[in-house]
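Overview (structure and organization)
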Amino acid sequence: MSFKIAIDGPAGAGKSTIAKALAQKISFLYVDTGAMYRAMAYYILTHGIRAEDGAAVQSVCGKIDVSLGYDNGLQNVYVNGENVSGEIRREEVGNAASVVSTYPAVREALLTLQRGIAAKHDVIMDGRDIGTCILPDAQLKIYLTASAHTRALRRYKELEEKGEEADLDQIERDIEERDDRDMHRAIAPLRAAEDAVTVDSSDMTIEEVVNAIYHLYENRR
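Computed from a predicted model, the values in this text were never measured in an experiment. (Residues numbered from 1 in each chain as written. Predicted model: local features only at pLDDT ≥ 70, side-chain atom pairs only at ≥ 80, totals over all residues. Heavy atoms only, no water.)

Looking at the chain as a whole, the pLDDT averages 92, with 100% of positions reaching at least 70. Taken element by element, the predicted model of the chain shows its lowest mean pLDDT in strand S3 (residues 66–71) (84) and its highest in strand S7 (residues 140–145) (98). (pLDDT = per-residue confidence, 0-100. Helix = DSSP H or I, 4+ residues; strand = E, 2+ residues; numbered from the N terminus.)

What follows is the structure, encoded as structure tokens:
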């Protein structure tokens, strides 16, 4: 039986960074479910469809083939055979993904893929509803969070390092709006599973968070 680690939490809490590092440490397969929703959002944006147009989005779900590939344990995301791993990290794609992830047809299209991977491999999967909806049988569930200001500052520094202009206040407002949308959506809202361990990374280094979750894993193994 495969071992499943579910890491949920709001945008910018460091879920992907932590999950990737921990996956390498314990030789698990890392599955970034948020990237799958971003892939769906990337398709609709590049085809002139507004994320808020639910009918239009759901009408094209059957035309979107999202698949994953792994290179030395790192996940690549493909849309209809095209590697979009870089493009889906744009800010507008992330915001659109938060909207399209509320649509039943989008979620259903990805659920089978996500559970199928987890059934075959020891996985670390991160997202918004992994422990509550996608992998309710996960042996270890983490709710990773951080203050909105801390998350905005992290994003601001990332953009600065890339040489991109950024407005810290606007980033923080966007994060707060996205939190509200994710927590109050009708389908699979963002929340900690009842049996999840909450880890607040606001004042922790990446290494400290990885080690904290690693020790929890050791106790559950």
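Applying the stated criterion to the full structure yields 4 aromatic pairs. With a centroid separation of 5.3 Å and 90° between ring planes, the pair formed by Phe3 and Tyr217 is classed as edge-to-face. Of the two residues, Phe3 sits in the segment before strand S1 (4–8) while Tyr217 sits in helix H9 (residues 206–220), which places them 214 residues apart along the sequence. There is no split in this pair, since Phe3 and Tyr217 are both buried. What makes Tyr217 buried here is its relative accessible area of 6%. (Phe/Tyr/Trp six-rings, centres within 6.5 Å; stacked < 30°, edge-to-face > 60°. Buried < 20%, exposed > 50% of the residue type's maximum accessible area, 1.4 Å probe, protein only.)

Here Ser201 shows up in the loop between strand S8 (197–200) and H9. What makes Ser201 buried here is its relative accessible area of 3%. Not counting chain neighbours up to four residues away, the residues in contact with Ser201 comprise Ala13, Leu144, Thr145, Ala146, Arg154 and Val209. (Contact = heavy atoms within 4.5 Å.)

Helix-helix packing is characterised by the crossing angle of the two axes and by the distance between the axes. Two elements in contact, helix H2 (residues 33–46) and helix H4 (residues 91–100), have axes separated by 8 Å at closest approach and are oriented at 105°. Put simply, H2 runs roughly perpendicular to H4. Across the interface between the two elements, Tyr37, Arg38, Ala41, Tyr42, Ile44 and Leu45 from H2 touch Glu92, Val93, Gly94, Ala96, Ala97 and Val100 from H4. Class assignment for the residues of the contact of H2 with H4 results in 9 nonpolar, 1 polar and 2 charged. (Axes fitted to C-alpha atoms, helices over the stretch in contact; angles between N-to-C directions. Parallel < 35°, antiparallel > 145°, perpendicular 65-115°, else oblique. Nonpolar A, V, L, I, M, F, W, Y, C, P; charged D, E, K, R; others polar.)

Read across the open sheet, the 3 strands follow the order S3-S4-S5; overall the sheet is antiparallel. Of all the strands in the sheet, just S3 and strand S5 (82–83) have a single pairing partner and so form its edges. Pairing analysis gives 2 bridges linking strand S4 (residues 74–79) to S5, with the strands arranged antiparallel. Bridge assignment links Tyr78 to a residue of S5, and that residue is Asn83. (Pairing = 2+ DSSP bridges.)

Okay, unusual backbone geometry next. At Ser27, a residue that is not glycine, the phi angle is positive and equals roughly 60°. Mapping Ser27 onto the fold places it in the loop between helix H1 (15–26) and strand S2 (29–32). Overall, the relative accessible area of 66% leaves Ser27 in the exposed class. Phi angles above zero are rare outside glycine, and Ala188 is one such case at about 45°. Within the secondary structure, Ala188 sits in the loop between helix H8 (168–184) and S8. Ala188 gets classed as buried once you look at its relative accessible area, which sits at 11%.

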